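As a plain string of letters, each chain reads:
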Amino acid sequence: MRILLVEDDNGVADALSDSLTQHGHRPLRVDRGADALLAHHDSDLALLDLGLPDIDGLEVLRKLRAVTPLPVIVLTARGDERSVVRGLRLGADDYLVKPVRLFELLARIDAVARRAGAGVPVSGPVVVGDLVIDLDARRVTVGGRAVDLTTKEFAVLAALAKRPGVAVSREQLMDEVWGDAYLAVSRSLDVHLTQLRAKLGRENLTTIRGFGYRLGD
Ligand code: CA
């Protein structure tokens, strides 16, 4: 499993990386919260320290949760009940207090990954009104007519089509399409959405003011 290790303590990070590697995982280590927000795309699970040099780990967790269901295990020296409760309430899948016992950590990684894998991915074309989106073939038709989309337009549409009928936030869309939810590319998202609505029909893409967009009306 590709494990994103967010840890600023070199000694802890090296020891954990070695142990994870020995047990068949592929750790990717970053030492800053800002880097975790970019590196999560290439990971199956994150181990998150809370005391980080740039952003507090709980804030990193909150920002991750706004854009991705990536399983997160908090690994921290903060063992007080208030921190544990906050971590779990913010969406941590598990919370372990350092020093961590290796085999317990490995077992918890497996347990969290097992639960996360239980979700059912979308398969087959997504149909919304007269709009048909085949994500695998990257083909889009409206009323049976093929529609030409740019790569970015398709990426935005695909991000919406993975959750038909569900409101998707601007941050989620920017994270999935541009790889960074908090970078100032939001104008570019608007441009692509305008193009998409022109090509697909306004009724097929609903704007949710102050939040994001939804496929379907
Ligand atoms: Ca730390």
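All of these numbers come straight from a predicted model, not from anything done at the bench.

**Q** Please explain the sheet that holds strand S9 (residues 145-146) as it appears in this structure.
**A** Through backbone hydrogen bonds, the strands of a sheet pair up, either in parallel or in antiparallel fashion. With antiparallel pairing, 4 strands are arranged side by side in an open sheet as S6-S7-S8-S9. A strand with exactly one partner marks an edge of an open sheet, and here the two such strands are strand S6 (126-128) and S9. By the bridge criterion, 3 bridges tie S6 to strand S7 (residues 131-134) in an arrangement that is antiparallel. Along S7, the bridge assignment pairs Val126 with Ile133.

**Q** When you look at unusual backbone geometry in this model, what are you seeing that I'm missing?
**A** Most peptide bonds take the trans form, and the phi angle of most residues other than glycine is negative. The residue after Lys98, namely Pro99, is reached through a cis peptide bond having omega 0 degrees. Counting through the fold element by element, Pro99 comes out in the loop between strand S5 (94-97) and helix H5 (102-116). With a phi close to 55 degrees, Arg138 is a non-glycine residue in the positive phi region. Residue placement: Arg138 occurs in the loop between S7 and strand S8 (139-142).

**Q** What is the right way to read the sheet that holds strand S11 (residues 205-208) from this model?
**A** Spatially, the 3 strands line up as an open sheet ordered S10-S12-S11, and their pairing is antiparallel. Of all strands in the sheet, those with a lone pairing partner are strand S10 (168-169) and S11, marking the two edges. Strand direction decides the pairing type here: S11 and strand S12 (residues 212-215), joined by 4 bridges, are antiparallel. Each residue of the ladder has a partner; that of Ile208, found in S12, is Gly212. Lying over the sheet, helix H6 (residues 151-161) contacts S10, S11 and S12, oriented at roughly 75 degrees with respect to S12.

**Q** Would you mind going over the nonpolar core with me for this structure?
**A** When a protein is soluble and globular, its nonpolar side chains tend to lie buried together. In this structure, Ile133, Val140, Leu157, Leu200 and Leu215 are the most contacted members of the largest nonpolar core, which totals 26 residues. Secondary structure elements with two or more residues in this core: S6, S7, S8, H6, helix H7 (170-178), helix H8 (186-200) and S12. Apart from the residues within four sequence positions on either side, Val140 is in contact with Leu131, Val132, Ile133, Arg145, Ala146, Val147, Leu149, Phe154, Leu157 and Leu200. Judged by nonpolar contacts, the second largest core, of 20 residues, contains Leu37, Ala39, Val60 and Leu70.

**Q** So what exactly am I meant to see when it comes to the pairing of strand S3 (residues 45-48) here?
**A** Of the two faces of S3, the one lined by Leu45 and Leu47 and the one lined by Ala46 and Leu48 are each fully buried. Of the pairings in the sheet, the one linking strand S1 (residues 2-6) to S3 comprises 4 bridges and is parallel in character. When the sheet's bridge partners are listed, Val6 is paired in S3 with Leu48. Bridging between S3 and strand S4 (residues 72-76) involves 3 bridges; their strand directions are parallel. Bridge pairing links Ala46 to Val72 in S4. In this fold, the crossover linking S3 to S4 by way of helix H3 (residues 57-67) has right-handed handedness.

**Q** Hey, could you run me through the coordination of the calcium ion in this one?
**A** Ideal coordination angles are 109.5 degrees for a metal with four donors arranged tetrahedrally and 90 or 180 degrees for a metal with six donors arranged octahedrally. Those donors, Asp8 (OD), Asp49 (OD) and Gly51 (O), are the protein atoms that reach the calcium ion, and they lie 2.2 to 2.4 Å from it. Counting residues between consecutive donors of the calcium ion along the chain gives the motif D-x40-D-x1-G.

**Q** It is not clear to me how H6 should be interpreted in this structure. Could you clarify?
**A** The periodicity of an α-helix, 3.6 residues per turn, causes residues three or four places apart in sequence to face the same way. Taking burial as the measure, the 11 residues of H6 include 8 buried ones, the bulk of the element. Within H6 the residues assigned to the buried category are Glu153, Phe154, Val156, Leu157, Ala158, Ala159, Leu160 and Ala161.

**Q** Help me out: how do you make sense of the domain arrangement of the protein chain in this one?
**A** Interface size, as often reported, equals the accessible area lost upon joining of the parts. When cut into domains, the protein chain gives domain 1 (2-116) and domain 2 (126-215). Of note, the centres of domain 1 and domain 2, computed from C-alpha atoms alone, are 31 Å apart. Counting residues at the interface gives 7 residues for domain 1, matched by 8 residues for domain 2. Here domain 1 packs against domain 2, burying approximately 610 Å² in sum over the two surfaces, 55% of which is carbon and sulfur. The tally of links from domain 1 across to domain 2 stands at 0 salt bridges. Summed over the shared surface of domain 1 and domain 2, the result is 3 residue pairs in polar contact (both at pLDDT 80 or more). Breaking the side of domain 1 that touches domain 2 down by element, the ones donating at least two residues are helix H2 (33-39) and H3. For the side of domain 1 that touches domain 2, the element with the most residues is H3, which contributes 3 residues. Of the residues belonging to the side of domain 1 that touches domain 2, the class tally is 4 nonpolar, 2 polar and 1 charged.

Here is what the cut-offs are and how they apply
- Residues numbered from 1 in each chain as written.
- Predicted model: local features only at pLDDT ≥ 70, side-chain atom pairs only at ≥ 80, totals over all residues.
- Heavy atoms only, no water.
- Pairing = 2+ DSSP bridges.
- Helix = DSSP H or I, 4+ residues; strand = E, 2+ residues; numbered from the N terminus.
- Contact = heavy atoms within 4.5 Å.
- Axes fitted to C-alpha atoms, helices over the stretch in contact; angles between N-to-C directions.
- Core = buried A, V, L, I, M, F, W, Y, C linked by side-chain atoms within 4.5 Å.
- Buried < 20%, exposed > 50% of the residue type's maximum accessible area, 1.4 Å probe, protein only.
- Right-handed = clockwise from strand over helix to strand, strands pointing away.
- Donors = N, O, S within 2.8 Å, 3.2 Å for Na, K, Ca; no water.
- Domains from an automatic or database assignment.
- Buried area = accessible area lost by both parts, 1.4 Å probe.
- Salt bridge = Lys/Arg side-chain N within 4 Å of Asp/Glu carboxyl O.
- Polar contact = N/O pair within 3.5 Å; in protein donor to acceptor, adjacent residues only side chain to side chain.
- Nonpolar A, V, L, I, M, F, W, Y, C, P; charged D, E, K, R; others polar.

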